[in-house]
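Geometric and topological summary
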Amino acid sequence: MTAFGHGMAFVGRQHRLEVGEETLNVDLLLFSYTQLRFVVVELKMGCFSPSYLGQLGTYVAVVDDRLRDHA
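Cut-offs applied
Residues numbered from 1 in each chain as written. Predicted model: local features only at pLDDT ≥ 70, side-chain atom pairs only at ≥ 80, totals over all residues. Heavy atoms only, no water. Pairing = 2+ DSSP bridges. Helix = DSSP H or I, 4+ residues; strand = E, 2+ residues; numbered from the N terminus. Salt bridge = Lys/Arg side-chain N within 4 Å of Asp/Glu carboxyl O. Buried < 20%, exposed > 50% of the residue type's maximum accessible area, 1.4 Å probe, protein only. 1 Å grid on protein atoms, 1.4 Å probe; cavity = no way out; pocket = protein on both sides within 12 Å on 5 of 7 lines; lining within 4 Å. Points joined across faces, edges and corners; volume = space filled by probe spheres on them. Nonpolar A, V, L, I, M, F, W, Y, C, P; charged D, E, K, R; others polar.

Two elements, strand S1 (residues 8-19) and strand S2 (residues 22-32), share 10 bridges in a ladder whose sense is antiparallel. Within S2, the position partnered with Gly12 by the bridge is Leu29. Between S1 and S2, which follow one another and run antiparallel, lie two residues, and Gly20 among them has a positive phi close to 60 degrees.

Structure follows, in structure tokens:
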């Protein structure tokens, strides 16, 4: 599948991450098998809000902690 480009694999849409008692949902989770890295995509509409960076940073940290060693 090349919809996301060469070397990219689709992992999931609304990928669930359990953090304590909270459930986080990553809009799109991709994997670059040429770079062996996950790509977290968070989709938003409207004007930018600084809180979006905190949310994305949290998702990246959790994916890095939970999924990186399983790639």
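A complete count under the given rule lists three salt bridges for this structure. When the shortest N-O distance is used, the salt bridge between Arg16 and Glu18 registers 3.3 Å. Judged by relative accessible area, which is 54%, Arg16 ranks as exposed. With its nearest N and O atoms 3.9 Å apart, the salt bridge here joins Arg66 to Asp65.

As a further point, take the layout of surface pockets. Size it by volume and the largest pocket reaches roughly 220 Å³. Along its surface, the largest pocket is lined by 10 residues, and Leu36, Arg37, Phe38, Asp64 and Arg68 are the ones closest to its centre. Within the residue set of the lining of the largest pocket, elements represented by two or more residues are strand S3 (37-41) and helix H1 (51-67). The leading source of residues in the lining of the largest pocket is S3, at four residues. Residues belonging to the lining of the largest pocket are distributed by class as follows: seven nonpolar, no polar and three charged.

Fair warning: the whole summary comes from geometry, so function is off the table for now.
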